[in-house]
Amino acid sequence: MHDLEEIIDQTSKGLNVAEIRSKFPVLDQEVNGKPLAYFDNAATTQKPQEVLDALNEYYENHNSNIHRGAHTLAGRATDLFEKTRSSVRAFINAPSVEEVIFTKGTTDGINLVASTFGKTYIGAGDEVIISTMEHHSNIVPWQMLCETNKAVLKIIPVSDTGELDLQAYEELLSERTKLVAVVHASNALGTINPIKKMIQLAHDRGARFLVDGAQSLAHLDVDVQDLDCDFLTFSAHKLYGPTGVGVLYGKRELLEAMPPYQGGGEMIREVTFAKTTYNDIPYKFEAGTPNIADVVAFDAALAFIRSIGKKRIQEQENQLLAHAVELCSQINGFIPVGTAREKVSVMSFTIRNMHPFDVGMMLDAAGIAVRTGHHCTQPLMDRFGLEGTVRASFAVYNTNEEIDRLYESLVRIAKRKN
Ligand code: PMP
């Protein structure tokens, strides 16, 4: 197999997608007698061979617990684990590795912030602002916090095209606002929110800002220093990496001031029955044995992304999205949901007179994997008066031929009821 850099050099116009696909063994299969077209990348991406190999290599040669053993394997496992932390630091341009905390995923990161920063600094009468397009994981932890601490949750409205109402946002901000938590790119609509501007507005009012980066890190360059966000959370499994690993970035002064999330091994400096003192960041927030193997393999996923480059990934995905939208808009009964000017590669839609689930089942029969339902964004679906949508989300390994198959299948499906 060629080195990816070499493959890219071989192609004068963008990517050699066939070569990229050959790194993803799971894509090379038939589903219901048809070649698999995997369009559920916003839920989780597939993993390249490098990630699978890194997992095997770790368990075959290095497996050990980290940060504690005096023996060679423990040292190697620790080095590999910390190497991923350095790669993540560079990936998001965090000022230091201490500001990179490993979590189970985006959900875990948000709950960490709600349970520590939230519990400590958001009190009775204080306000938290989120938006109508949040994933349930960026709604429920704040509802729980507001209920316990008697704080108030405020919601930024969304327009018919699926964009945030920035004027309403400015009006919601006040000296009572302690935190704004908003998704960078919507999983249900694809909308890219103008978070840099939103962060600035929050800071002008003295509020902190958490970015839910679950859907943006795979597609967009995210630089936490340029954004000046206070917290950023994301999941490895949406970035060609393993499940069960996520990242919380937080500004040093906040992480140092916040109480720990969970108590246990690794997060302490000294324990006596009289008093326990806590470890430095990031370990203060990493109680217990972490998901070592998957963190180690996540480094291979970051290397995969680096070797192609976000710019090329974005170009490929934008092209796929444009192709899909152009074709599908011609279908009688095709109703797009979310037509923002700035989008990641998510095409959400309904077919007139048909339930999204039925459309999904029929596409599955044709070997095409899409997501159907509310996408863990029920308040957003309510806003559009929908029970759910069909969502096709594209990754760097998808092709125009696969999208042509989606179109052809949708033409046949829509014809039944339109
Ligand atoms: N936020 C958004 C925007 C998401 O798309 C997701 C995953 N669908 C999450 C949060 C939660 O991510 P995870 O399930 O990996 O914790």
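Taking an unreviewed UniProt entry as the reference, the protein chain is identified by name as Cysteine desulfurase belonging to Cyclobacterium xiamenense. Annotation of the protein chain in UniProt includes, under Cofactor (unreviewed entry), the sentence "pyridoxal 5'-phosphate". UniProt, in the comment section headed Catalytic activity (unreviewed entry), describes the protein chain in these words: "(sulfur carrier)-H + L-cysteine = (sulfur carrier)-SH + L-alanine".

Student: Can you lay out the pattern of salt bridges for me, pointing to particular residues and giving the numbers?
Tutor: Within the structure shown, the criterion is met by 20 salt bridges. The shortest N-O distance in the salt bridge between Asp40 and Arg371 comes to 3.3 Å. Here Arg371 lies in strand β16 (residues 371-373) and Asp40 lies in the loop between β3 (37-38) and α3 (49-62), a separation of 331 residues in the sequence. Owing to a relative accessible area of 9%, Asp40 belongs among the buried residues under this scheme. Across the salt bridge formed by Asp299 and Lys83, the nearest N and O atoms sit 2.6 Å from each other. Within this pair, whereas Asp299 is found in helix α11 (residues 292-308), its partner Lys83 is found in helix α4 (residues 72-92), the two being separated by 216 residues in sequence. Given a relative accessible area of 9%, Asp299 falls into the buried group.

Student: Go over the site of the ligand, please, and point to the residues and values.
Tutor: By nearness alone, 13 residues border the ligand, and Thr107, Asp212, Gln215, Ser235 and Lys238 come closest of all. With respect to the ligand, the side chain of His135 contributes an N or O atom lying 3.3 Å from a nitrogen atom. Contacts to the ligand include His237, whose side-chain N or O atom sits 2.8 Å from an oxygen atom. Computed on the free molecule, the ligand has an accessible area of 400 Å², of which 85% lies beneath the protein chains in the complex.

Student: If you had to explain the environment of Asn32 to someone new, which residues and values would you point to?
Tutor: Inspection of the secondary structure assignment puts Asn32 in the loop between β1 (30-31) and β2 (34-35). Taking relative accessible area as the criterion, Asn32 reaches 49% and is therefore assigned partly exposed. Sequence separation of Asn32 and Gly367 is 335 residues, and the distance between their C-alpha atoms is 5.8 Å. Polar contacts involving the side chain of Asn32 include one to the main-chain carbonyl oxygen of Asp364, which spans 2.8 Å.

Student: Account for a negative patch on the surface, naming residues and giving values.
Tutor: On the surface, Asp165, Glu170, Glu171 and Asp204 cluster together into a negatively charged patch. Mapped onto the secondary structure, Glu171 falls in helix α7 (residues 166-172).

Student: Summarise the packing of helix α13 (residues 356-365) against helix α15 (residues 400-415); cite the residues concerned and give the values.
Tutor: Contact geometry of α13 with α15 gives a least axis separation of 10 Å together with a crossing angle of 125°. When the interaxial angle is binned, α13 and α15 end up oblique. Seen along the crossing, α13 lies across α15 with a hand that is right-handed. On α15, the residues touching Val359, Met362 and Leu363 of α13 are Leu406, Ser409, Leu410 and Ile413.

Student: Just give me the short version of helix α12 (residues 310-328), but keep the residues and values in it.
Tutor: Under the 1.5 Å per step criterion, the end-to-end length of α12 is 26 Å for 19 residues, consistent within 8% with the ideal 27 Å. Looking only at α12, the buried set comprises Lys310, Ile313, Gln316, Glu317, Leu320, Leu321, Ala324, Leu327 and Cys328. Buried residues in α12, looked at end-on, bunch into an arc of 140°, giving them a common side. Across α12 from its buried face, at more than 90 degrees, point the exposed residues Lys311 and Glu326. Of the surrounding secondary structure, the elements contacted by the buried residues of α12 are α2 (17-21), α4, α11, β13 (334-336), β14 (346-351) and α15.

Student: I'd like to hear about the domain arrangement of the protein chain, residue by residue, with values.
Tutor: Under the domain assignment used here, the protein chain contains domain 1 (4-48 + 309-415) and domain 2 (53-306). A C-alpha centroid distance of 27 Å is found between domain 1 and domain 2. Contacts between the two partners involve 42 residues from domain 1 and, on the opposite side, 36 residues from domain 2. Buried surface at the junction of domain 1 and domain 2, both sides included, amounts to about 3,200 Å², of which 56% is carbon and sulfur. A salt bridge links Arg341 to Glu163; the shortest N-O distance between them is 3.0 Å.

Student: Would you mind going over the environment of Ser348 in detail, with residue names and values included?
Tutor: Residue position: Ser348 is located in strand β14. Residues Ser348 and Met381 lie 33 residues apart in sequence; the distance between their C-alpha atoms is 11 Å. With residues near it in sequence (within four places) discarded, Ser348 still touches Ala188, Ile335, Pro336, Val337, His375, Thr389, Val390 and Arg391. At a separation of 2.7 Å, a polar atom in the side chain of Ser348 contacts the main-chain carbonyl oxygen of Ala188.

Student: How would you explain the packing of aromatic side chains if you had to name every residue and give the values?
Tutor: Overall, the coordinates contain eleven aromatic pairs when judged by the stated rule. Centre to centre, the rings of Tyr58 and Tyr59 are 5.5 Å apart; their planes meet at 65°, and the pair counts as edge-to-face. Look at Tyr58 and you get buried, because its relative accessible area is 1%. The rings of Phe24, Tyr240, Phe304 and Tyr397 are connected pair by pair, giving a single aromatic cluster. Its end group placed over the ring of Phe384, Arg383 keeps NZ or CZ at 4.9 Å from the ring centre.

The rules behind each value
Residues numbered from 1 in each chain as written. Predicted model: local features only at pLDDT ≥ 70, side-chain atom pairs only at ≥ 80, totals over all residues. Heavy atoms only, no water. UniProt positions renumbered as here; feature names shortened; annotations may be inferred. Salt bridge = Lys/Arg side-chain N within 4 Å of Asp/Glu carboxyl O. Helix = DSSP H or I, 4+ residues; strand = E, 2+ residues; numbered from the N terminus. Buried < 20%, exposed > 50% of the residue type's maximum accessible area, 1.4 Å probe, protein only. Near = heavy atom within 4 Å. Polar contact = N/O pair within 3.5 Å; in protein donor to acceptor, adjacent residues only side chain to side chain. Areas by Shrake-Rupley, 256 points an atom, 1.4 Å probe, with all protein chains shown as cover. Patch = residues over 30% accessible without salt bridge, like charges linked within 9 Å, V, L, I, M, F, W, Y side chains within 5 Å. Lys, Arg positive; Asp, Glu negative; His and termini not counted. Charge placed at Lys NZ, Arg CZ, Asp CG, Glu CD. Axes fitted to C-alpha atoms, helices over the stretch in contact; angles between N-to-C directions. Parallel < 35°, antiparallel > 145°, perpendicular 65-115°, else oblique. Left-handed = near helix turned anticlockwise from the far one by under 90°. Contact = heavy atoms within 4.5 Å. Expected span 1.5 Å × (residues − 1). Arc of directions from axis to C-beta. Domains from an automatic or database assignment. Buried area = accessible area lost by both parts, 1.4 Å probe. Phe/Tyr/Trp six-rings, centres within 6.5 Å; stacked < 30°, edge-to-face > 60°. Lys NZ or Arg CZ within 6 Å of the ring centre and 35° of its normal.

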